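Spelled out, the chains give:
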Amino acid sequence: QVQLVESGGGLVQAGGSLRLSCAASGRAFSTYDMGWFRQAPGKEREFVAGIKWNGGSTDYADSVKGRFTISRDNARNTVYLQMNSLKLEDTAIYYCASAYRPRQSYPPVGQSEYAYWGQGTQVTVSS
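Computed from a predicted structure; not experimentally measured.

> Describe in detail unusual backbone geometry, supporting the description with residues and values.
If you check the backbone angles, serine 85 has positive phi at about 50 degrees while not being a glycine. The class of serine 85 is partly exposed, set by a relative accessible area of 41%. For arginine 103, which is not a glycine, the phi torsion comes out positive at approximately 50 degrees. Structurally, arginine 103 can be placed in the loop between strand 9 (92–102) and strand 10 (114–117). Judged by relative accessible area, arginine 103 falls into the exposed class, the value being 53%.

Laid out in C-alpha cells, this is it:
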C-alpha cells in the first residue's frame, strides 16, 4: 500500500519561509517522478512543482519560480518543497503526489498523471 505523508505546513508571515516534506512508503520511490500541488479556498487544485525520479530535472509553476525549490532524497524516500518569499496568495493546502509511470523523461504537470496523493498540509501566509 502506497502512502504519502506531508509535513511542515503552518502559519507564516508574508516574506517568510517554510519547508514541506513528503515521506513515501510502499513503492520504489526512487523510480517515480514526484510532484507538489496546492489548492486554495474556492479554487481548483494546481500544479506547483515536479521533480524527475532521479532528481535530474525539475519544473515549476510560473507563480512560484525563483521562490520555491523542489528536491528529493531517494535514500530517505522523501521529497521536499522549500518555499521562500511567501506571499498571501500562497495560502493553500499543499499535496505531494507520485506519478503513475516509472522513470519518465520529464516530471509531469497534469494531475491525471499522478497515481497517489498525500492527505495534504495547510500553509497559511499572513500579512
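> Describe the pairing of strand 7 (residues 68–73), with residues and values.
Here strand 7 shows one buried face, formed by Phe68, Ile70 and Arg72, and one open face, formed by Thr69, Ser71 and Asp73. Between strand 7 and strand 8 (residues 78–83), which pair antiparallel and follow one another directly, the connecting turn spans four residues, one of which, asparagine 77, has a positive phi of 55 degrees.

> Tell me about the side chain of threonine 91, residues and numbers included.
Topologically, threonine 91 is positioned in the loop between strand 8 and strand 9. Within the structure, the side chain of threonine 91 is placed 3.0 Å from the backbone oxygen of leucine 88, a separation counted as a polar contact. Setting aside residues up to four positions removed in sequence, threonine 91 forms contacts with Ala40, Pro41, Gln122, Val123, Thr124 and Val125.

> So what about the pattern of salt bridges? Which residues, and what values?
For the structure shown, the criterion picks out five salt bridges. Between aspartate 62 and lysine 65 there is a salt bridge, with the nearest N and O atoms lying 3.2 Å from each other. For aspartate 62, a relative accessible area of 64% gives the class exposed. Within the structure, one salt-bridge network assembled from shared partners comprises Arg38, Glu46, Arg67 and Asp90.

> I'd like a rundown of the nonpolar core, residues and numbers included.
Among the nonpolar cores identified, the biggest contains 31 residues, and Trp36, Leu81, Met83 and Tyr94 are the most heavily contacted of them. Counting only elements with at least two residues in this core, the list comes to strand 3 (18–25), strand 4 (32–39), strand 5 (46–51), strand 7, strand 8, strand 9 and strand 11 (121–126). Per-element tally for this core: the top contributor is strand 9, with five residues. Every residue in contact with leucine 81, bar those within four places of it in the chain, is listed here: Leu18, Arg19, Leu20, Trp36, Val48, Ala49, Phe68, Thr69, Ile70 and Tyr94.

Reading guide: rules and limits
Residues numbered from 1 in each chain as written. Predicted model: local features only at pLDDT ≥ 70, side-chain atom pairs only at ≥ 80, totals over all residues. Heavy atoms only, no water. Buried < 20%, exposed > 50% of the residue type's maximum accessible area, 1.4 Å probe, protein only. Helix = DSSP H or I, 4+ residues; strand = E, 2+ residues; numbered from the N terminus. Pairing = 2+ DSSP bridges. Polar contact = N/O pair within 3.5 Å; in protein donor to acceptor, adjacent residues only side chain to side chain. Contact = heavy atoms within 4.5 Å. Salt bridge = Lys/Arg side-chain N within 4 Å of Asp/Glu carboxyl O. Core = buried A, V, L, I, M, F, W, Y, C linked by side-chain atoms within 4.5 Å.

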